[in-house]
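Structural characterization, general
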Amino acid sequence: MDNRMSGKDISEDDIIQFRRTCKNSGAKVLIETTNARDSFYRASVELVLNSCSRSTYDSAAILIDGESPQNFVAGMAFNLGLDTVRAARIVSASVASRTRSWFLQAWALEMQGKHSEAVEEISKICLIHQIFPPEEFSPEMEMVARGLEKHLRREQREFLLDLFVGKCDAGSRRSAAEALGLVKPVEY
């Protein structure tokens, strides 16, 4: 593995070409260190999330080199010999990070009077949660909630949830409410 393939300096074209080559040949690649392999996979997930965030808000229309986002990241995990649990955690962490960032950006835009741009940020969250739905009460969404609770008052988070509800389908609302810290798991 050369220095280009460290995950940090890798281009989208490199990732797509790597996946295409592996998919066409059925190859798996052994990357000697876990850190390098995980970094490469994280870069691949970031490519997918970037592609999704530039979408026209139709999850069915998003393709990365002819594959759905889910198939691309699953195929990449297979090609890298990454077990499914580890791959799922990396995807969940990336989705959580984007969720936090986009909610904070939406609030900042709303405070600047840029409502349509704020709604666009909310739409990104909606789309990502449709494509990669966070597991119910996942540790990643709990971390997002704790982070947002430090930066936004409850009424601000409720406002963002109202924006979300107005823009997104019912299937994503639970994960958004969890991310905003407005829903807690039932404890027995």
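Residues numbered from 1 in each chain as written. Predicted model: local features only at pLDDT ≥ 70, side-chain atom pairs only at ≥ 80, totals over all residues. Heavy atoms only, no water.

**A closer look at the packing of aromatic side chains**
- Overall, the coordinates contain 3 aromatic pairs when judged by the stated rule.
- A centroid spacing of 6.4 Å and a plane angle of 45° characterise the contact between Phe103 and Phe164, whose relative ring orientation is tilted. Remark: Phe164 occurs in helix α7 (residues 154-167) and Phe103 occurs in helix α4 (residues 84-111); sequence separation between them is 61 residues. Each member of the pair, Phe103 together with Phe164, is buried. (Phe/Tyr/Trp six-rings, centres within 6.5 Å; stacked < 30°, edge-to-face > 60°. Helix = DSSP H or I, 4+ residues; strand = E, 2+ residues; numbered from the N terminus. Buried < 20%, exposed > 50% of the residue type's maximum accessible area, 1.4 Å probe, protein only.)

**Notes on the pattern of salt bridges**
- Counting across every chain of the model gives 13 salt bridges.
- Between Arg37 and Asp38 there is a salt bridge whose closest N-O contact spans 2.9 Å. By the burial criterion, Arg37 is buried, and Asp38 matches it.
- Between Arg98 and Glu46 there is a salt bridge, with the nearest N and O atoms lying 2.5 Å from each other. Of the two residues, Arg98 is situated in helix α4 and Glu46 in helix α2 (residues 34-53); the sequence distance between them amounts to 52 residues.
- Exposure remark for Arg98: the relative accessible area of 13% places this residue in the buried category.
- Judged by its relative accessible area of 29%, Glu46 is partly exposed.
- Three or more residues joined by partner-sharing salt bridges are found here, namely Arg19, Lys23 and Glu67. (Salt bridge = Lys/Arg side-chain N within 4 Å of Asp/Glu carboxyl O.)

**Quick look at the side chain of Ser44**
- Structurally, Ser44 is set in helix α2.
- Among residues more than four places away in sequence, those in contact with Ser44 are Ile15 and Met76. (Contact = heavy atoms within 4.5 Å.)

**Examining the confidence of the model for the protein chain**
- Taken as a whole, the protein chain shows an average pLDDT of 89; of its residues, 91% reach a score of 70 or greater.
- Scored below 50 in pLDDT, residues 1-7 shows 14 contacts in the model against residues more than four places distant or in partner chains. (pLDDT = per-residue confidence, 0-100.)

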